[in-house]
Amino acid sequence: MTRHILFGFAYLTITLSLSLAQTPSGWDVPAATLCVDVHVQRDPDHPDLGVFVKIPDGGLLPGKHPVPEARDAQGKPLESLIVGYHPADGLGVLFARPADGDTARIYIRGSATPPPKPDNPRLIPSVLYFTKNGNASLETAKRMAKEYPPAQGAFFSTWSCIGSMVNPFGSDDDFSSWYVGCILLEKPEKIYFATVSDEGSEFWIDGKLIHSWPGIHTRDGGAKGQRGDHVELSAGLHRIDYYHFEARGKQEAQLTWRRKGVTEGPVPELVTGFARSGEGSIRRIALKDGRVCAVIKGNTEPNGYFWTGDQPLSLFTLNYTGLDHTEPALSVAWEFEKNKRISEPIIEWLVSGDPDLVTPTVTLAVSNAHGVARTSTRLVCPWTPPQGW
């Protein structure tokens, strides 16, 4: 028995030594199994808005719950938080802009349990749009903001404003949405904010409820700005959370305002000029075991539509970024359903069916001397054109 225990201890020691020896040089977080090199492509409009990057998953990220840790080029920790996660979509990370240089690294380890929510996080994303199909209600929308990681089961992306006439990530019926964004004021202002929506909506500013318009209704009762209130705001950054749900029929969500000195018309204008988070672009995705992967582009931007009988055809041009093609023995292939495999850097792909109902996937497989790494993503059409286009 004693020999068995000693042998087990010796084997464990050897295993740990080999594991540590396999950690790549410059890998600052030994527990992480994946590292993403990020270039700050655009600076945030305010330091508290951080830099946003969306890291693809679709089978690539480790564990049930991927946990990110941001570092600067010198390996020093950067404040960061998860702002969204969906296994079929990606991991949204917001990190503080590095003080020196334009590069950062996001290390990711896998966890069986969700990571704890940071205490009093300073960083705020602006503007992000989340939608979740099923069980449409304001309660479902608000739950996305309360949980951590936020918006579990929702698809998301950066957005230009707080408002949309469609659900760009799924069916236009039976969905809930959450927008989060910030405005930056140069001086104190008293501003009238209002919501125009079909169906229910409500919005909060700096954690305070400003107006709620719940229930099943059309836009008519708020089309002239009736559903809102005046808000006294100090100079500086102000967070806005807007919640909306759509049950059936037409869909609309708009946060509007009327500022002092603006000629008042019958309808207030859409809130514009949001202060924005910085934008990070992925330069490289490396796994600890030496494999690499890339980022799929073009999956949410169909080039055009055609109609054949009763079904539309959507044309996608797919490409990828984030690979160093000087690496020896590197190969990339697109993998589709029914064993279709195409080894081209750019491909055009037609998808048949209503974009609200059909969500085909594409897989990008990257091979090098260390093996194959795959990531899968949906091909998403944000809207369906009228028949005959």
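About the thresholds
Residues numbered from 1 in each chain as written. Predicted model: local features only at pLDDT ≥ 70, side-chain atom pairs only at ≥ 80, totals over all residues. Heavy atoms only, no water. Helix = DSSP H or I, 4+ residues; strand = E, 2+ residues; numbered from the N terminus. Buried < 20%, exposed > 50% of the residue type's maximum accessible area, 1.4 Å probe, protein only. Contact = heavy atoms within 4.5 Å. Areas by Shrake-Rupley, 256 points an atom, 1.4 Å probe, with all protein chains shown as cover. Pairing = 2+ DSSP bridges. Axes fitted to C-alpha atoms, helices over the stretch in contact; angles between N-to-C directions. Core = buried A, V, L, I, M, F, W, Y, C linked by side-chain atoms within 4.5 Å. Salt bridge = Lys/Arg side-chain N within 4 Å of Asp/Glu carboxyl O. Phe/Tyr/Trp six-rings, centres within 6.5 Å; stacked < 30°, edge-to-face > 60°. Lys NZ or Arg CZ within 6 Å of the ring centre and 35° of its normal.

Chemist: Lay out the overall build of the protein chain with the relevant residues and their values.
Modeler: What the protein chain contains, in helices and strands, is 2 helices and 28 strands. Across the 389 residues of the protein chain, 49% fall into the buried class. Considering only contacts within the protein chain whose residues lie at least 6 apart along the sequence, 76% involve residues at least 24 apart. A total accessible area of about 19,000 Å² is found for the protein chain, and carbon and sulfur atoms account for 54% of it.

Chemist: Break down the sheet that holds strand β9 (residues 155–158) for me, citing the residues and quoting the values.
Modeler: Strand order across the open sheet formed by 6 strands is β9-β8-β11-β16-β13-β14, with antiparallel pairing between neighbours. Edge positions in the open sheet fall to β9 and β14 (208–213), since each of these has one partner strand only. Averaged over all adjacent pairs, the angle separating strand axes in this sheet is 15 degrees, with direction ignored. Relative to β14, strand β13 (residues 201–205) is paired through 5 bridges, and the arrangement is antiparallel. Looking at the pairing, E202 lines up with S212 of β14. Against the sheet, helix α2 (residues 138–146) makes contact with β8 (128–133), β11 (175–185), β13, β14 and β16 (236–246), and its axis sits at roughly 55 degrees relative to β11, the strand it touches most.

Chemist: Any chance you could break down the nonpolar core for me, citing the residues and the numbers?
Modeler: The biggest cluster of nonpolar side chains holds 47 residues, and the ones touching the most others in it are L34, V36, I55, F95, I106, F130 and I285. With residues up to four places along the chain from it excluded, the contact list for I285 reads L34, C35, V36, P56, L60, R291, V292, C293, A294, V295 and G322. Within the second largest apolar cluster, 24 residues are counted, among which are F155, I162, Y179 and F203.

Chemist: Account for the pattern of salt bridges, with residues named and values stated.
Modeler: Considering all chains together, one arrives at 15 salt bridges under this definition. Notably, a salt bridge pairs K54 with D89, separated by 2.9 Å at the nearest N-O pair. Residue K54 is found in strand β2 (residues 51–56), and its partner D89 is found in the loop between β5 (80–86) and β6 (90–95); the two are separated by 35 residues along the sequence. Using a relative accessible area of 27% as the deciding quantity, one classes K54 as partly exposed. For D89, a relative accessible area of 16% puts it in the buried group. Here the salt bridges share partners, and the residues they tie into one network are D43, R97 and D102.

Chemist: Can you explain the packing of aromatic side chains? Please cite residues and give values.
Modeler: Here the structure, examined in full by the defined rule, presents 11 aromatic pairs. When the centroid spacing of 6.4 Å and the interplanar angle of 65 degrees are considered together, the rings of W159 and F169 count as edge-to-face. In this pair, W159 sits in the loop between β9 and β10 (163–164) while F169 sits in the loop between β10 and β11, placing the two residues 10 residues apart along the sequence. Taking the relative accessible area as the measure of exposure, F169 reaches 11% and is therefore buried. Arranged with centres 5.7 Å apart and planes meeting at 80 degrees, the rings of Y179 and Y242 form a pair that is edge-to-face. One end of the pair, Y179, is in strand β11; the other, Y242, is in strand β16, and 63 residues separate them in sequence. Grouping residues by exposure puts Y179 and Y242 together as buried. By way of ring pairs, the aromatic residues Y129, W159, F169, Y179 and Y242 are connected into one cluster. The ring of F156 has K54 sitting right over it, with the charged end atom 4.3 Å from the ring centre.

Chemist: Please set out the environment of L185 residue by residue, giving values where relevant.
Modeler: Examined against the element boundaries, L185 turns out to sit in strand β11. Along the sequence, L185 and L237 sit 52 residues apart, while their C-alpha atoms lie 6.5 Å from each other. Beyond its immediate stretch of four places on either side in the chain, L185 contacts I191, L233, S234, A235, G236, H238 and R259.

Honestly, it's all geometry; don't read function into it.
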